[in-house]
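An overview of the molecular structure
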Amino acid sequence: MEERVTNVLLSGVGGQGTILASDILCTVFHEMGYDVKKSEVHGMAQRGGDVTTHFRFGKKVYSPLIKYGEVDYLVSMELLEGLRYINWLKKEGKVLLNLQEIFPPAVNLGKMKYPEDIVGQFKKFFNGRVYTVQGLDLAMECGDPRAANIVILGAFSTFFHFSEEVWERNLLSHLPPKIHDLNLKAFRAGRKALG
Amino acid sequence: MEKILQGNYAIARGAWEAGVKVACAYPGTPSSEILSALAQEYKEDVLTEWSPNEKVALEVAIGASFAGARAMASMKHVGLNVASDPFMTVSYTGVKGGLVIIVADDPSSHSSQNEQDSRHWARFGKVPMLEPCDSQECKEFTKMAFELSEQFDTPVLVRTETRVAHSFSPVKLEERKESSIPLGLDKKDAPKYTMVPIYVRIRRKWVEERMKKLEEFANEFKYNTIEMNDPKIGVITSGVCYNYTKEVFPEYSYLKLGMVWPLPQKIISEFSRKVKKIIIVEELDPFLETEIRAMGIRIFHGKDVIPNHYELSPEIIERALKGKKYRPPKVRVPTEELPQRPPNLCSGCSHRALFYAIKKLGLFTFGDIGCYTLATAPPLNAIHSTICMGAGVGGAFGAMKALGKEGLGKCCAVIGDSTFLHAGITPLMDVVYNKGNSTTIILDNRTTGMTGLQEHPGTGYTVTGEPTHRIDFEELARALGVKHIRKVDPYNLKETMEMIKEEVERDEPSVIITVNSPCMLHRREKRKFEHPFYRVLTEKCRGCGLCLEAGCPAISWRGVSEEEALTQDGHKRKGVVQINRLQCPGCGLCSQICKFEAIVPGEA
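The structure presented is a predicted model; accordingly, all values stated were derived computationally and were not measured. (Residues numbered from 1 in each chain as written. Chains lettered and ligands numbered in written order. Predicted model: local features only at pLDDT ≥ 70, side-chain atom pairs only at ≥ 80, totals over all residues.)

A few words on the overall build of chain A. What chain A contains, in helices and strands, is eight helices and six strands. When the helices and strands of chain A are placed in sequence order, the string is β-α-β-β-β-α-β-α-α-β-α-α-α-α. Computed over C-alpha atoms, the radius of gyration of chain A comes to 16 Å, within 12% of the 16 Å expected from 2.2 N^0.38 for 195 residues, which places it in the range of a compact globule. Within chain A, buried positions represent 55% of all 195 residues. A separation of at least 24 residues holds for 67% of the contacts in chain A among residues at least 6 apart in sequence. (Helix = DSSP H or I, 4+ residues; strand = E, 2+ residues; numbered from the N terminus. Rg over C-alpha atoms; globule rule 2.2 N^0.38 Å. Buried ≥ 20, exposed ≤ 12 C-beta atoms within 10 Å, placed from the backbone. Contact = placed C-beta atoms within 7 Å.)

In structure tokens, the structure reads:
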């Protein structure tokens with residue numbers, strides 16, 4: 001195993017399931033023999049505010065927080081919440097964006113504009129390393145818009161060479177049986193979208 | 001076996017492995033999961049309770065300890081302020097069964113009314129404090145805390161903060177081992193347990209002796225460790241700051257303190273002789289720095305470069321210690337100019353309806369601690385003071401006292417159900433007893449919302465989900481002597497406004513209790529709205545923006561083009577509102593606000 005620690009920043013809006021997705025990442029990478037650390041903020045952040053999770057894996061991980069400018073993978077469940085962390089990425093970093101827009105209060109009130117062409121802004125700096133998925137649409141096709149986070153997780157899983165079995169077993173271990181089928185479908189849809 | 005655990009779950013696991021018998025808490029970010037974990041996963045072995053507040057939680061834990069059980073109380077930093085009264089004295093009595101107090105700090109105030117450094121409590125209360133840096137240490141230190149408690153006859157504090165409590169990392173699991181101390185109240189030892197002046201004076205001296213022994217022990221403590229690398233720079237640190245600094249400067253030498261009070265003076269001196277320059281990295285106050293300076297040790301860097309406020313991070317530490325040599329990463333987009341996304345009341349939340357009514361009445365609102373504090377944000381701007389749990393009730397009374405009859409109709413107190421039971425009853429008693437005339441509105445959402453839906457004495461269920469007596473707010477207010485108690489459905493805007501207006505103008509104490517207003521995230525208590533969602537009749541919407549003042553996340557504004565610049569009945573407009581069907585639960589507040597009947601129920 002290489003010494004280097006890999007940094008994944010997940011971002012989204014409270015209620016989108018960013019934290020669940022990062023829980024699953026944690027157990028998958030731990031099972032594959034890595035030291036892992038993950039940090040998030042609970043409390044007020046759950047109420048429609050922005051949510052970020054720092055997930056790190058490697059031979060030995062000290063800090064639970066990623067150092068600013070050192071993100072290897074930025075995974076965002078929402079476009080604006082992705083753009084908010086563009087400066088956190090390393091020069092050679094990769095970006096995975098769910099093409100969903102959720103308007104923040106200032107935009108809802110008509111006081112500010114939702115930023116334009118977010119994907120284009122990413123491409124300017126990370127051309128060839130920007131991946132996009134219609135997470136919400138795919139989740140709705142699977143039967144529930146709430147599974148968009150798992151679609152994105154499925155898409156993200158294609159960045160690593162672990163077997164599908166490891167991912168799916170860990171995914172299901174975090175969920176109650178009655179939503180297993182839905183989430184397996186969502187995960188596979190995400191994998192297919194980038195596969 | 002190794003498992004990924006959150007810091008709080010690891011504390012619960014450590015307590016369980018240590019044979020804890022009684023665990024009490026009042027929820028508070030970032031500490032809440034400790035008790036939830038014990039109640040969910042270890043309820044066969046551990047008696048758990050959500051206490052009405054932290055003072056009660058600690059008192060119950062103290063009683064259990066006196067009866068020989070290992071006991072634990074967990075709370076957030078401001079919770080220990082509430083529990084400080086028993087805390088300061090249980091230091092004198094000591095314990096029988098191990099007694100551990102977990103206190104979780106919230107640097108940067110992610111979800112708190114202030115920022116406190118709880119290490120001061122250890123020095124102030126003269127008790128030892130351990131500080132873990134990750135989940136494995138959370139487990140080990142909690143176990144160790146129970147042992148130290150019994151060994152030195154003292155309560156032991158374990159301090160975490162957000163990035164330890166809410167971080168996940170692997171933990172090695174072990175089996176539970178019950179304490180060897182027998183349960184029972186057989187030995188009546190009043191001089192030890194009864195703090196009246198004559199015994200206090202004896203125990204006061206004894207506490208100093210205990211602290212001396214603990215300091216000697218600290219020098220041998222296996223979790224105070226020296227890591228020698230480059231001897232040019234030695235960092236003295238503890239907790240998560242060790243992880244941050246180690247990340248950025250792996251080449252430095254380290255003294256990592258697992259026990260932050262009392263300090264191991266011998267080890268600190270030894271370390272300072274081994275390295276050329278000492279740097280102290282600690283979050284919040286210069287706690288270690290002040291003590292180490294007082295030992296006469298020269299410090300190269302400490303709070304002269306490291307901020308004494310907000311949480312630290314690898315980047316902040318790197319920037320501080322590299323000074324001019326620090327090169328910040330390139331800024332690609334000026335992200336501070338992007339629209340912010342502050343937390344908001346959920347769509348359909350009963351608080352939104354109530355605060356919209358208060359906003360329209362133009363009252364000064366003495367707020368309290370809970371989700372409803374979010375009503376202070378624009379566009380509602382409907383909470384005008386927040387201090388601490390329960391302070392709204394006393395605050396409104398105080399203002400009315402100062403203003404006399406002039407204050408009638410101008411202010412009110414709002415307080416949530418859980419917060420009212422925590423600290424709102426005594427100030428309401430004061431309103432009646434001292435002939436006040438303030439109005440207290442109890443926002444009863446049937447749960448402790450902000451911290452993640454915990455039970456409390458007003459929900460009718462215990463932490464393990466067992467049905468229990470449910471406190472009736474009306475009966476309670478009546479018993480305190482309040483004569484005017486009314487109930488309101490906050491989703492009925494007109495009735496709510498009229499009722500609040502009448503009560504705040506009344507020259508007598510009054511209480512308004514919201515009914516049928518459960519938290520939107522609450523599965524058990526879910527309110528059924530009449531319609532599945534609401535929609536905008538775009539042809540009628542004049543774009544006046546009145547509905548937007550409620551700040552509902554489901555409603556948004558869009559500008560219109562020339563073709564749409566007129567309503568159906570010929571009124572000019574610049575834009576229209578739209579409702580996101582996926583986000584709208586159908587509470588109907590917006591349709592009551594709209595003056596042009598442009599918002600109507602949708603069909604499923």
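Another aspect to go through is the overall build of chain B. Helices and strands together make up the secondary structure of chain B, namely 20 helices and 22 strands. Here the C-alpha atoms of chain B give a radius of gyration of 27 Å, agreeing with the 25 Å that 2.2 N^0.38 yields for 604 residues. Dimensions along the principal axes, computed over C-alpha positions, put chain B at roughly 85 × 65 × 50 Å. Every one of the 604 residues in chain B was classed for burial, and the buried ones make up 53%. Taking all contacts inside chain B whose residues are at least 6 apart in sequence as the whole, residues at least 24 apart take part in 76%.

Turning next to the interface of chain B and chain A. Across the contact, 47 residues belong to chain B and 45 residues belong to chain A. With five residues, helix 11 (residues 239-248) of chain B is the single largest residue contributor to the side of chain B that touches chain A. For the side of chain B that touches chain A, a count of residues per class yields 25 nonpolar, 16 polar and six charged. In this sheet, strand 8 (residues 167-172) of chain B lies alongside strand 2 (residues 35-40) of chain A in antiparallel orientation, the contact comprising two bridges. Residue A:S39 lies in a different strand from strand 8 of chain B, and its bridge partner there is B:S167. (Nonpolar A, V, L, I, M, F, W, Y, C, P; charged D, E, K, R; others polar. Pairing = 2+ DSSP bridges.)

A few words now on the sheet that holds strand 14 (residues 364-366) of chain B. Working definition: the strands of a sheet are paired by backbone hydrogen bonds and lie parallel or antiparallel to each other. All names here are of chain B. Taking strand neighbours across the sheet as the criterion, the five strands line up as 14-15-16-18-17 in an open arrangement whose pairing is parallel. Each having just a single partner strand, strand 14 and strand 17 (484-488) make up the two edges of the open sheet. Averaged over all pairs of adjacent strands, the angle between strand axes in this sheet comes to 25°, irrespective of strand direction. The strands touched by helix 17 (residues 417-433) within the sheet are strand 15 (411-416) and strand 16 (439-443), with strand 15 carrying the most contacts at an inclination of about 135°. (Axes fitted to C-alpha atoms, helices over the stretch in contact; angles between N-to-C directions.)

All right, on to the environment of B:Y193 then. Residues and elements named next belong to chain B. Inspection of the secondary structure assignment puts Y193 in helix 9 (residues 190-193). Take Y193: there are 18 C-beta atoms within 10 Å of it, and that puts it in the partly exposed class. The sequence separation of Y193 and L582 amounts to 389 residues, and the corresponding C-alpha distance is 59 Å. Contact partners of Y193, with chain neighbours within four places excluded, come to F66 and T93.

The next point concerns helix 18 (residues 473-480) of chain B. All names here are of chain B. Listed as buried for helix 18 are F473, L476 and A477. Taken down its axis, helix 18 places every buried residue within 95° of arc, on the same side. What points out from helix 18, more than 90 degrees from its buried face, is the exposed set E475 and A479. Next to the buried residues of helix 18 lie helix 17, strand 16, strand 17 and strand 18 (510-514). One or two residues past the end of helix 18 sits G481, with phi positive at roughly 105°. (Arc of directions from axis to C-beta.)

Everything listed here is a matter of geometry and, on its own, says nothing about what the molecule does.
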